[in-house]
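# Analysis of the macromolecular model
In case you want the letters, here they are:
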Amino acid sequence: ADRILLTGNPVRQNLLHTKLTPEEARKSLGLRPDVKTILVIGGSLGARTLNESVLSERVHLEAHPEVQILWQTGGYYKDAIAERLKTEGQPDNLVVTDFVTDMGAAYAAADLVISRAGASSISELALLGKPAILVPSPNVAEDHQTKNALALVQKDAALYVKDEEVSRTLLPLAINTVKEGQRLAQLSDNIRQLARPNAASDIADEVIRLAEQHTRQ
């Protein structure tokens, strides 16, 4: 145990350099600038369960024009989703993209983020102080994403929905939560306290320290 150093995960520093206001970020992404915004992200390939939830439950979104969603589907699912929306209809308050090129703008636009619970994603959310609903992937070693999510839930730093419950609960929970300003602020404050903004430099400093120690020996 005395050889373990807690550093956190290095994250993309350009996320911190976004100068856009939330309103400007929403405009740049094709969203309405003055509407509460939920960002749904499943990684570059997408997340099947999250995508199916938005598709099947988008009726909830239609009933709440005071909320909008930026939905990153992932490249793997984009064609099938586009065909479904073309056939079945797409709400005006749902903006769909297969890939987000400017994640800094996407995070700036979002009042609430729905995400898997990988370590890198959580590190980014903490660094930016983003309120989040975490949906751990069940297809990972030792169910580590659930452990990641619960570590935040225990500190009231995020909300959590099991993958198998997504279709019933995710969108209603997200829509209700994004309209609660005080709750969003609380989640933001709590997750920000878990951030480790100097992770990369801390790792580099330790590597240098060990190298110098080895040289002296």
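Keep in mind that what you see is a predicted model, and the values were worked out from it rather than measured. (Residues numbered from 1 in each chain as written. Predicted model: local features only at pLDDT ≥ 70, side-chain atom pairs only at ≥ 80, totals over all residues. Heavy atoms only, no water.)

### Let's talk about the environment of L15
Basically, it comes down to this: Secondary structure follows DSSP: runs of H or I at least 4 residues long count as helices, runs of E at least 2 residues long count as strands, and numbering of each begins at the N terminus. To sort residues, take the accessible area from a 1.4 Å probe on protein chains only and compare it with the maximum for the residue type: under 20% means buried, over 50% means exposed, and anything in between is partly exposed.
By the secondary structure assignment, L15 is in the segment before α1 (22-28). Owing to a relative accessible area of 5%, L15 belongs among the buried residues under this scheme. When the C-alpha atoms of L15 and L125 are compared, they prove to be 10 Å apart, with 110 residues separating the residues in sequence.

### Here we look at the pattern of salt bridges
Where we set the bar: Between Lys or Arg on one side and Asp or Glu on the other, a salt bridge is scored when a side-chain nitrogen of the former is within 4 Å of a carboxyl oxygen of the latter.
A complete count under the given rule lists 11 salt bridges for this structure. E124 is the salt-bridge partner of R12, the closest N and O atoms lying 2.7 Å from each other. Residue R12 is found in the segment before α1, and its partner E124 is found in helix α5 (residues 119-128); the two are separated by 112 residues along the sequence. For R12, a relative accessible area of 40% corresponds to the partly exposed category. With its nearest N and O atoms 4.0 Å apart, the salt bridge here joins D111 to K36. Linking D111 in the loop between α4 (103-109) and β4 (112-115) with K36 in strand β1 (residues 36-41), this pair joins segments that are 75 residues apart in sequence. Classification of D111 as buried rests on a relative accessible area of 16%. The class for K36 is partly exposed, based on a relative accessible area of 33%.

### Brief notes about the pairing of strand β2 (residues 67-72)
Within a regular strand, the side chains alternate between the two sheet faces. The cut-off we apply is this: A pair of strands is labelled paired if DSSP reports no fewer than 2 bridges between them.
Taken across its 6 residues, β2 has 6 buried, putting it largely inside the fold. Of the two faces of β2, the one lined by V67, I69 and W71 and the one lined by Q68, L70 and Q72 are each fully buried. Two elements, β1 and β2, share 6 bridges in a ladder whose sense is parallel. Within the sheet, the bridge partner assigned to K36 lies in β2 and is V67. In terms of strand pairing, β2 meets strand β3 (residues 94-97) through 4 bridges, oriented parallel. Across the sheet, the residue bridging to Q72 is T97, located in β3.

### Quick notes on the nonpolar core
Put simply, the rule reads: Here, nonpolar core refers to any group of buried Ala, Val, Leu, Ile, Met, Phe, Trp, Tyr and Cys residues whose side-chain atoms link them within 4.5 Å. We call two residues in contact when some of their heavy atoms are within 4.5 Å.
Within the largest apolar cluster, 28 residues are counted, with the highest numbers of intra-cluster contacts made by L39, M103, Y107, V113, L125, L134 and L152. Within the residue set of this core, elements represented by two or more residues are β1, α4, α5, β5 (132-134) and α6 (144-153). If you tally residues by element for this core, the top one is α4, at 6 residues. When sequence neighbours within four positions are dropped, the list of residues in contact with L125 reads Y107, V113, S115, K130, A132, L134 and I191. The next biggest cluster of nonpolar side chains, apart from the first, holds 27 residues, and it includes L85, L112, V161 and L170.

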